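For reference, the chains in residue letters:
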Amino acid sequence: MILSRSGLVAVSLAALVASGCTSTRFGSEEPQPAPLEPQPSGTVSSSQLPPPATPAPTDASKFPTAPGNSQVASLPPGGGTTPPANAPDLTASAIAGVWSASVAGQGCKVATPQTKFGQGYRAGPLRCPPPIDNVKSWNVAGKQLTLYDQDGGTLARLYSSSPTKFDGQTSNGQPISLSR
């Protein structure tokens, strides 16, 4: 029997199709793995967070003024006073950048990029004295700028005294200011 070229191609294709039909690669003849058991998970709930604790108002006349600045009152240890009445609400974008810092009269720089980290955003002190040399992150809440250490502990709290300046106190009572 003599096959033409087209006949040979047709027979070859028929053989390929027939052998493909018997392959177990595409069929359901292979045993399927057993379905995985779902893992237990905790319950998810949604509720309103309580408002942040508001520090009790204090009498500013009880605290000495910051050295070299008779217009800004120093905060008590821990920085827990209310902000000045005219202090603006803060945004992260207004804080981002590099600031000249003065800590107890010593100068340095603090970089405050808007890179998420720790308690809010990453911070980088540049040749700062203690305790600001340990600043790792920062965040804003309302009128307050807070600087944190690597464990999330508060190192300083500041309030805006002008569009380009922040004044406050470190957690150990040293006056601190940031300016551009």
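Coordinates for the structure precede this section.
Please read all numbers here as calculations on a predicted model, not as lab measurements.

S.K.: Explain the state of the cysteines to me, please; I cannot follow it from the model alone.
M.R.: What makes a disulfide is a covalent bond joining the sulfur atoms belonging to two cysteines. Scanning the model with the defined rule gives one disulfide in all. Between Cys 108 and Cys 128 runs a disulfide, and the two sulfur atoms are separated by 2.0 Å. Linking Cys 108 and Cys 128, the disulfide has an S-S dihedral of approximately 90° and is accordingly described as right-handed. Of this pair, Cys 108 sits in strand E2 (residues 106-112) while Cys 128 sits in the loop between strand E5 (124-126) and strand E6 (137-141), placing them 20 residues apart in sequence. According to the relative accessible area criterion, Cys 108 is buried, its value standing at 9%. The exposure class assigned to Cys 128 is buried, which follows from its relative accessible area of 10%.

S.K.: Hey, could you run me through the side chain of Ser 177 in this one?
M.R.: Residue position: Ser 177 is located in strand E10 (residues 175-179). With a relative accessible area of 15%, Ser 177 lands in the buried category. Not counting the four nearest positions on each side in its chain, Ser 177 is found in contact with Ser 100, Ala 101, Ser 102, Leu 158, Lys 165, Phe 166 and Asp 167.

S.K.: I'm lost on the sheet that holds strand E3 (residues 116-117) in this one. Help?
M.R.: In sheet architecture, strand pairing relies on hydrogen bonds along the backbone and comes in two forms, parallel and antiparallel. Strand order in the open sheet made by the 10 strands is E3-E4-E6-E7-E8-E9-E10-E1-E2-E5, with antiparallel pairing throughout. Lying at the two open borders of the sheet, with one neighbouring strand each, are E3 and E5. Bridge count between E3 and strand E4 (residues 120-122): two bridges; the pairing is antiparallel. Paired with Phe 117 across the strands is Gly 120, a residue of E4.

S.K.: Help me understand unusual backbone geometry, please; the structure alone is not making it clear to me.
M.R.: The general pattern is negative phi for most residues beyond glycine and trans for most peptide bonds. Residue Pro 131 is bonded to the preceding Pro 130 through a cis peptide linkage, with omega at -5°. In this fold, Pro 131 is placed in the loop between E5 and E6. One non-glycine residue with positive phi stands out, namely Ala 104, at about 50°. For Ala 104, a relative accessible area of 42% puts it in the partly exposed group.

S.K.: What should I look at first to understand the side chain of Ser 137 in this one?
M.R.: If you trace the backbone, Ser 137 turns up in strand E6. Ser 137 has contacts with Phe 117, Gly 118, Gln 119, Tyr 121, Arg 122, Ala 123, Thr 146, Leu 147 and Tyr 148, leaving out every residue within four places of it along the chain.

S.K.: Even after reading the chapter, I still don't get the environment of Ala 94, so can you show me in this structure?
M.R.: Tracing the chain through its elements places Ala 94 in helix H2 (residues 92-95). Spatially, the C-alpha atom of Ala 94 lies 8.9 Å from that of Pro 163, the residues being 69 residues apart in sequence. Not counting residues within four places of it along the chain, the set of residues in contact with Ala 94 comprises Trp 99 and Arg 180.

S.K.: In this structure, what is going on with the packing of aromatic side chains? I would like to understand it.
M.R.: What describes a pair of aromatic rings is the distance from one ring centre to the other and the angle between the planes of the rings. Overall, the coordinates contain two aromatic pairs when judged by the stated rule. Plain terms: the ring middles of Trp 99 and Phe 166 are 5.3 Å apart, the flat faces sit at 80° to each other, and that makes the pair edge-to-face. Taken together, the residues Trp 99 in strand E1 (residues 97-103) and Phe 166 in strand E9 (residues 165-170) connect sequence positions 67 residues apart.

Basis of the calculations
Residues numbered from 1 in each chain as written. Predicted model: local features only at pLDDT ≥ 70, side-chain atom pairs only at ≥ 80, totals over all residues. Heavy atoms only, no water. Disulfide = S-S within 2.5 Å. Helix = DSSP H or I, 4+ residues; strand = E, 2+ residues; numbered from the N terminus. Buried < 20%, exposed > 50% of the residue type's maximum accessible area, 1.4 Å probe, protein only. Contact = heavy atoms within 4.5 Å. Pairing = 2+ DSSP bridges. Phe/Tyr/Trp six-rings, centres within 6.5 Å; stacked < 30°, edge-to-face > 60°.

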